[in-house]
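# Architecture and fold: a report
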Amino acid sequence: MTAALPFLVAVFAVRAALGALFQAPGAAGPVLVPAFGLDWTQFGTLVGLFWLPGLVLVYPLGLAARRMGDRTGVLLGLVLLVAGALVCAAAGPAGLLFAGRIVMGVGTVLVILLLTKMMQDRFHGADLFPAMAVYVLGWPIGIAAAQAVLPAMALRLGWQFPFLVAAMAGAIAFAALAAASRPAPRMPAPAPGSARLSAREVRLMCLAGACWACVNGTYMVLVTFAPPLLVEGGASVAEAGFATSLMSWVNILAVPAGAVLARRAAAVRPMVLGCISAAALLAAALPFAGVGWGAAILAAHGLLYALPITVFSALPAMAVPPDRRAQGLGVYFIFFYAGCTGFPPLAGWFADAFGGATAPVLLAAALLLAALALYVLFRREVAR
């Protein structure tokens, strides 16, 4: 693990930049929504477009990964992410804003698919959990930093500012990964028929992908709609942004602690069942608690949510061997991208239909319970 430290630092930088790029519309939301005259459904769609291209591209890219090269694909994805953020920042009509978000989405599918493959190809056994802790941790830290700092800056400097800062983070991540990684030798073509997934492997990847989609859907919906919920309760924009960022900052402690616990097989099941159930209850309680409890509830939710997160992130490595992993991840990420594309607009529709941010927050709690059920089904299928 020590020899891989520069690479892991670069991976953290990439994932943190990805979090900032995802959260740019959410951070700019209080200024962005009135500037373009968006309703909540349109705003949720803008957030979800970050994932839409994955529905079309992820499986073909999984098949082409052997020829493309993982490192090349991730670096190309970062270029597209930065370019898309700059297009958004330059948008005049709303159509250009949505177009830039789609360009970011193409970059996202390259980065997530191929960086995940790089991690699970490089780290094995007990080393996989701490390595995936680094991989997972960058995402919420990038979101937390954007949510804590950028909304107030957007109020002063304009809605474009979060997109420009996110683009800068993406450029730094590109330089870090380019310096810390080297092109891997191209793998030989597989023997005819050997790259095909078995029916059982397809089932496992479907369950794992749907589980990961619900886990991430909970986070994305909460981080987007908890701030307006708190503002509806009387908090200022800055107070709501800070309270929501606590949900992510606690990941600094929770994700590594959970990775350590996950190395003990006996601790995995009770950690997942107990923490996820409690986190879902806290999310469901948020709309009904006083606004003064918002920060404490979100921090506690984030802590419990993050403890078992490396267990969820490592499920694909349990389902498919390395020689078929790229194709397996293509199946896995179809479900992931379907959820990530659909959940934010669905949450926005709930907000419009029910007149506020309470319904989206309750949706986030329901998604977490769905993730728990899918995890249990996955483990039963693995045990057969």
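Up top is the structure.
So, a few notes on the structure that sits alongside this text.

## Things to note about the packing of aromatic side chains
Inspection of every chain in the model, using the stated rule, returns 17 aromatic pairs. Arranged with centres 5.6 Å apart and planes meeting at 65°, the rings of Phe 22 and Phe 50 form a pair that is edge-to-face. Of this pair, Phe 22 sits in helix α1 (residues 5-36) while Phe 50 is found in the loop between α2 (40-48) and α3 (52-68), placing the two residues 28 residues apart along the sequence. Pair check on accessibility: Phe 22 and Phe 50 agree, each one buried.

## As for the packing of α2 against helix α5 (residues 94-122)
At a minimum axis distance of 9 Å, the contact between α2 and α5 shows a crossing angle of 30°. Taken together, α2 and α5 sit at an angle that is classed as roughly parallel. Only Leu 97, Phe 98 and Arg 101 of α5 make contact with α2, whose side of the interface consists of Gln 42, Thr 45, Leu 46 and Val 47. For the contact of α2 with α5, the class distribution of residues is four nonpolar, two polar and one charged.

## What to know about the nonpolar core
Phe 22, Trp 51, Leu 97, Met 119, Phe 312, Phe 333 and Tyr 375 are the most contacted members of the largest nonpolar core, which totals 135 residues. If one sorts the elements of this core by residue count, helix α8 (residues 199-232) sits on top with 18 residues. Dropping the residues within four chain positions of it, Phe 22 is found in contact with Val 47, Phe 50, Trp 51, Arg 101, Trp 139, Ile 143, Met 220 and Val 223.

## Considerations on the packing of helix α11 (residues 265-285) against helix α16 (residues 358-383)
With their axes 8 Å apart at the nearest point, α11 and α16 run at an angle of 165° to one another. When the axes of α11 and α16 are compared, the pair comes out roughly antiparallel. Here the hand of the crossing between α11 and α16 comes out left-handed. Two secondary-structure elements touch here, α11 through Val 268, Val 272, Leu 273, Ile 276, Ser 277, Ala 279, Ala 280, Ala 283 and Ala 284 and α16 through Val 361, Leu 362, Ala 365, Leu 368, Leu 369, Leu 372, Tyr 375, Val 376 and Arg 379. For the contact of α11 with α16, the per-class residue count stands at 16 nonpolar, one polar and one charged.

## A short note on the side chain of Glu 381
Position of Glu 381 relative to the elements: it lies in helix α16. Setting aside residues no more than four positions away along its own chain, Glu 381 makes contact with Arg 200, Arg 203, Leu 204 and Leu 207.

## Some remarks on empty space enclosed by the protein
Following the criterion strictly, the structure yields two cavities of 30 Å³ or more and no others. Considering only enclosed or pocket space, the largest cavity measures out at about 110 Å³ in volume. The wall of the largest cavity is formed by 14 residues, among which Arg 15, Ile 112, Tyr 135, Trp 212 and Phe 333 lie closest to the centre. Looking at the lining of the largest cavity, the elements with two or more residues in it are α5, α6 (128-157), α8 and α15 (325-354).

Calculation notes
Residues numbered from 1 in each chain as written. Predicted model: local features only at pLDDT ≥ 70, side-chain atom pairs only at ≥ 80, totals over all residues. Heavy atoms only, no water. Phe/Tyr/Trp six-rings, centres within 6.5 Å; stacked < 30°, edge-to-face > 60°. Helix = DSSP H or I, 4+ residues; strand = E, 2+ residues; numbered from the N terminus. Buried < 20%, exposed > 50% of the residue type's maximum accessible area, 1.4 Å probe, protein only. Axes fitted to C-alpha atoms, helices over the stretch in contact; angles between N-to-C directions. Parallel < 35°, antiparallel > 145°, perpendicular 65-115°, else oblique. Contact = heavy atoms within 4.5 Å. Nonpolar A, V, L, I, M, F, W, Y, C, P; charged D, E, K, R; others polar. Core = buried A, V, L, I, M, F, W, Y, C linked by side-chain atoms within 4.5 Å. Left-handed = near helix turned anticlockwise from the far one by under 90°. 1 Å grid on protein atoms, 1.4 Å probe; cavity = no way out; pocket = protein on both sides within 12 Å on 5 of 7 lines; lining within 4 Å. Points joined across faces, edges and corners; volume = space filled by probe spheres on them.

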